[in-house]
Amino acid sequence: MDKELIIRSESSAVDFALLKDGKLVELNKDEDDNNFNVGDIMIAKIRKAVPGLNAAFVNVGYTKDGFLHYHDLGPQVSSLLKFIKRVSTGKLKDYSLKNFTFEKEIDKNGVISDVLKSNQSLLVQIVKEPISTKGPRISSELSLPGRYIVLVPFSNRISVSQKIESKEEKDRLKRLVKSIKPKGFGVIVRTVAEGKKVAELDKDLQNLMGRWTAMCKKLYKPHYPSKVLGELNRASSLLRDVFNDTFTSITVDDETLYTQIKDYVSEIAPSKESIVKLHQSNVPIFEKYGIERQIKTSFGRTVSISKGAYLVIEHTEAMHVIDVNSGNRSNKSKNQEDTALEVNLISATEIARQLRLRDMGGIIVVDFIDMNKAENRKALFDHLKNEMSDDRAKHKILPPSKFGLIQITRQRVRPEMNIKTREENPNGDGEVEAPIILIQKIKADIERLLKKNHKKITLTAHPFIAAFLTKGFPSPRSKWFLDHKRWVKIIPRDAYTYLEYHFHDQEGKVIR
């Protein structure tokens, strides 16, 4: 399986496209004006504690205050408050915590007004970026993520990723981390640490301790509110979280960014440095790898998938609803139950991709095609879970209900990816689907008509569309011939509107 990361740099943003076997599965954007990235640590002031919500509103410099719930304070928030006070006044200059006396842990079921007061200084970390009218969601239980480990100040706990299944490997990693862990810090061992040596873990740990020290130096007489520790740029954080030995290529179109990424990869995986490439073609990088085409066809309300099936994706204020449709395909060799299972499995794969691609969060309800057999419903449920196993966002999937509905909850920490795919109507007012989607529809219609054994098919279309389908080598029409061994005659019609087309049989009658 090829796993590629394509990075496009623009004046105000950097776009990251993650491809699996050439198919777009994740799209990220890093904008210069975004001051509130997940993972950033801010020194902020408590605006007010609200006992009714058991939460506090915190001034983090955004138009809406950050929301800090009691359960997000962390058990050692009293120790954190004491540390901030002493460092900010210059009374404490040793940031290692080895000689720092911890305070008593707060009550799990306590009240926020007993812990925080208005105008109090506090270190908070962004756990959810501002979305819609809401301010950022924050936590005072800090964590510093590295390549192999996550460093947790004011803790002594060592834990290992649940995705590492071997008990022997878990025990080995715990022993190694225990031998290098500094006093006053907890450590979470990440999945990519599996099989790594103590020297690699220690190097990662020392790098994180360096970041902690640099952050603490900014706490002396700080400006409120201000960012004291920024998350890595999106390129580095994406590589840190998703990069592994299965990556086959990283291509970037900006020389400065290319150098930064090459240096970062050489540090975390020297053997993979050669896969980082600089795109120097005159063809735009997203055009070269077919990403623009995939964006146009993947972000609309209707998403076409193979076998003639399609999804309809609706967004409401409370939830997302996805409807699975089999289209007008027919398969005489299979009964209705088998056809439903086949379409549902194909749809589940595309749904898992769409959730990542659009970064859809909250409650998602999927209306699959009804199936009567319990074993088929279980097969669908297991397949969907397997397809979503690569999703980095926390999620939970409920088994299919008797109505064929599957409910999914998926964590959303950033605003949903919303890309406009409709374009201005060339024939008048309003908007129409992008022309590239029209080509996809024509192709799907041809496949359906050929299955119905029409001996001769003629396509009539606007001259621009007809030219696109017939010119160049290989032209779309040539590809249809190679796939189906049937030639489709294409005739331009000046009277047609731009997006109008019809199919005719051998007698000239319109069949679609």
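As a starting point, this report considers the structure included with it. Please read these numbers as outputs of a predicted model, since none were measured by experiment.

Criteria and cut-off values
- Per chain, the residues get numbers from 1 upward, laid out in the order the sequence is written.
- In keeping with the predicted nature of the model, local features appear solely for residues at pLDDT of at least 70, side-chain atom pairs appear and are counted solely at 80 or more, and the whole-chain, interface and lining totals rest on all residues.
- Each side-chain value is worked out from all heavy atoms of the structure, with water and hydrogens disregarded.
- Only when DSSP finds a minimum of two bridges between them are two strands counted as paired.
- What counts as a helix is a DSSP run of H or I of at least four residues, what counts as a strand is a run of E of at least two, and both are numbered from the N terminus.
- In this analysis, two residues are considered to be in contact whenever any of their non-hydrogen atoms come within 4.5 Å of each other.
- To obtain an axis, a line is fitted to C-alpha atoms, over the contacting stretch when the element is a helix, and the angle between two such axes runs from 0 to 180 degrees between their N-to-C directions.
- Polar contacts here mean pairs of N or O atoms no more than 3.5 Å apart (in protein, one a potential hydrogen donor and the other a potential acceptor; neighbouring residues in sequence count only if both atoms are side-chain atoms).
- Angles are sorted into four bins: roughly parallel if under 35 degrees, roughly antiparallel if over 145, roughly perpendicular if 65 to 115, and oblique for all others.
- Two helices cross in a left-handed way if the nearer one is turned anticlockwise from the farther one by less than a right angle. They cross in a right-handed way if the turn is clockwise.
- Classes in brief: Ala, Val, Leu, Ile, Met, Phe, Trp, Tyr, Cys and Pro nonpolar; Asp, Glu, Lys and Arg charged; the others, Gly included, polar.
- Classification of ring pairs uses Phe, Tyr and Trp, with its six-membered ring standing for Trp, and accepts pairs whose centres are within 6.5 Å; under 30 degrees between planes counts as stacked, over 60 as edge-to-face, and the remaining range as tilted.
- Placement of a positive charge over a ring is assigned whenever Lys NZ or Arg CZ falls within 6 Å of the ring centre and within 35 degrees of the normal to the ring plane.

1. Re the sheet that holds strand 9 (residues 144-145)
The sheet built from 4 strands is open, its strands ordered 9-10-12-11 with mixed pairing. The sheet terminates laterally at strand 9 and strand 11 (158-160), the two strands that pair on one side only. Against the sheet, helix 2 (residues 167-180) touches strand 11 and strand 12 (185-189), its axis set at about 145° to strand 11. Against the sheet, helix 3 (residues 198-217) touches strand 9, strand 10 (149-153) and strand 12, its axis set at about 40° to strand 10.

2. Observations regarding the side chain of Asp391
Looking at where Asp391 falls in the secondary structure, it is placed in the loop between helix 9 (374-387) and strand 20 (395-397). For Asp391, the side chain forms a polar contact with the side chain of Arg410, separated by 2.8 Å. Setting aside residues up to four positions removed in sequence, Asp391 forms contacts with Arg356 and Arg410.

3. Considerations on the pairing of strand 19 (residues 362-367)
As paired elements, strand 18 (residues 319-325) and strand 19 share 5 bridges and run parallel to each other. Within strand 19, the residue paired with Ile322 across the bridge is Val366. In this sheet, strand 21 (residues 405-410) lies alongside strand 19 in antiparallel orientation, the contact comprising 6 bridges. Bridge pairing in strand 21 links Ile363 to Thr409.

4. A short note on the packing of helix 8 (residues 336-358) against helix 9
Following both chains from N to C, one finds helix 8 and helix 9 inclined at 15°, their axes separated by 9 Å at the closest point. In terms of orientation, helix 8 lies roughly parallel with respect to helix 9. You can see that helix 8 and helix 9 cross each other, and the crossing is right-handed. Counting all contacts with helix 8, which are made through Glu337, Leu341, Asn344, Leu345, Ala348, Thr349 and Ala352, the residues of helix 9 involved are Asn376, Ala379, Leu380, His383, Leu384 and Glu387. A per-class count over the contact of helix 8 with helix 9 returns 7 nonpolar, 4 polar and 2 charged.

5. Focus: the pairing of strand 4 (residues 41-50)
Consecutive side chains along a regular strand alternate between the two faces of the sheet. Inspection of the sheet shows strand 4 paired to strand 7 (residues 121-128) by 5 bridges, in the antiparallel sense. Bridged to Ala44 within strand 7 is Leu122. Bridge count for strand 4 against strand 13 (residues 226-229) is 3 bridges, and the pairing is antiparallel. Note on strand 13: the bridge partner recorded for Ile41 is Leu229. Here strand 4 folds back onto strand 5 (residues 55-59) in antiparallel fashion, the turn holding 4 residues, of which Asn54 has a positive phi close to 50°.

6. Re the packing of aromatic side chains
Taken as a whole and assessed by the stated rule, the structure comprises 11 aromatic pairs. Centroid distance Phe185 to Trp212: 5.6 Å. Interplanar angle 85°. Geometry classified as edge-to-face. Residue Phe185 is found in strand 12, and its partner Trp212 is found in helix 3; the two are separated by 27 residues along the sequence. Aromatic rings pair up to connect Phe83, Phe100, Phe102, Phe154, Phe185 and Trp212 into one cluster. When the ring centre of Tyr224 is taken as origin, the NZ or CZ atom of Lys45, which lies over that ring, is 4.3 Å away. Taking the ring centre of Phe100 as reference, the NZ or CZ of Lys82 above it sits at 5.1 Å.

Honestly, it's all geometry; don't read function into it.
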